[in-house]
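# Remarks on the overall topology
Here is what each chain is made of, one letter per residue.
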Amino acid sequence: ACVLIKTEHERFVPLLGDALIADSGAVQEAWDSAEPLIRALPDGDNTVLVPVRMGMQVVAMVCLRMARAENPLSHIRILQNQVDEAGPRLASALLFDDVRRLATVDERNRVAREIHDGIAQDLASLGYLVEDIRTDADPQTAQRLADVTHQVRTLISELRLRIFDLRIGVDETTGLGTSVTEYVQRVAAQSGLAVSVNLQ
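A short tour of the structure in this document, coming up. Here the structure is a predicted model, which means the values were calculated and not measured. (Residues numbered from 1 in each chain as written. Predicted model: local features only at pLDDT ≥ 70, side-chain atom pairs only at ≥ 80, totals over all residues. Heavy atoms only, no water.)

### Some thoughts on the nonpolar core
For soluble globular proteins, nonpolar side chains are generally found buried alongside one another. Val-48, Val-50, Val-52, Val-59, Ala-60, Val-62 and Leu-79 are the most contacted members of the largest nonpolar core, which totals 16 residues. Dropping the residues within four chain positions of it, Val-59 is found in contact with Ile-5, Trp-31, Val-52, Met-54, Gly-87, Ala-91 and Leu-94. Counting 13 residues, the second-largest nonpolar core is a separate cluster that includes Phe-12, Leu-49, Met-61 and Cys-63. (Core = buried A, V, L, I, M, F, W, Y, C linked by side-chain atoms within 4.5 Å. Buried < 20%, exposed > 50% of the residue type's maximum accessible area, 1.4 Å probe, protein only. Contact = heavy atoms within 4.5 Å.)

See the structure below:
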């Protein structure tokens, strides 16, 4: 058995169990109709798809594999009643998860903005000030101020990477490979490194 949800990118992803037991075309058909669906499998078993509904809206799909000896029609009504009882709870949990995820993203963006507009700008101003003082200093002091300027620039670079990390959101629906590739490309662009990603 598995429970599938639909992402904002219109992809079905498993919330629970193994999605391989379900054909995405049949899942889409059951999702659109908001009615249970039975599909025969090549090995003679059946896949039973039961929509999880919140009112008339489908929020998830329960997929069951039944042995050929069982009569799925006799179980559909019982399954649908059990799933209908769980529907509002699952819908509430999914909504809460969305709210929590959005709140986390908003908070990360807020912290990144504060660091960028506050500490990072102050450090940049400090770097310019030290550089300005260095032009009027004697050679020995100028060298020490150059070291301070270098340290300030290093801190600013580190801060920019941390801001970038805070703003990065890994979308669980795109897959690990895509997320890693996008992350590496952004880091490469910021660092000036030439990076090649090869994933299997």
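There's more to say after this.
### Observations concerning the pairing of strand E3 (residues 37–40)
Two elements, E3 and strand E4 (residues 46–54), share four bridges in a ladder whose sense is antiparallel. Paired with Ile-38 across the two strands is Val-48, which belongs to E4. (Pairing = 2+ DSSP bridges. Helix = DSSP H or I, 4+ residues; strand = E, 2+ residues; numbered from the N terminus.)

### Regarding the pattern of salt bridges
This model, assessed by the stated rule, comprises eight salt bridges. For Glu-131, the salt bridge identified is with Arg-134, shortest N-O distance 2.8 Å. With a gap of three residues between them, Glu-131 and Arg-134 both fall in helix H2 (residues 72–135), about one helical turn apart. Note on Arg-134: relative accessible area 30%, which makes it partly exposed. (Salt bridge = Lys/Arg side-chain N within 4 Å of Asp/Glu carboxyl O.)

### Details of unusual backbone geometry
Notably, Ala-34 is not glycine yet its phi reads approximately 60°, a positive angle. For Ala-34, the position within the fold is in the loop between helix H1 (24–33) and E3. Taking the relative accessible area as the measure of exposure, Ala-34 reaches 9% and is therefore buried.

### As for the sheet that holds strand E1 (residues 2–6)
Backbone-to-backbone hydrogen bonds pair the strands of a sheet. The strands run either parallel or antiparallel. With respect to topology, five strands assemble into an open sheet ordered E2-E1-E5-E4-E3, the strand pairing being antiparallel. In this open sheet, the two strands that pair with only one neighbour each are strand E2 (12–17) and E3. Direction aside, the axes of adjacent strands within the sheet are offset by 25° on average. Where E4 lies against strand E5 (residues 57–66), nine bridges are found, and the strand directions are antiparallel. Directly across from Val-52, in E5, lies its bridge partner Ala-60. (Axes fitted to C-alpha atoms, helices over the stretch in contact; angles between N-to-C directions.)

### A look at the pairing of E4
Consecutive residues of a regular strand have side chains that alternate between opposite faces of the sheet. Here E4 lies mainly inside the structure; eight of its nine residues are buried. A loop of five residues connects E3 with E4, the two strands running antiparallel in sequence, and Gly-44 in this loop sits at a positive phi of about 100°. The antiparallel pairing of E4 with E5 creates a hairpin that spans two residues between the two strands, and Gly-55 there sits at a positive phi of about 70°.

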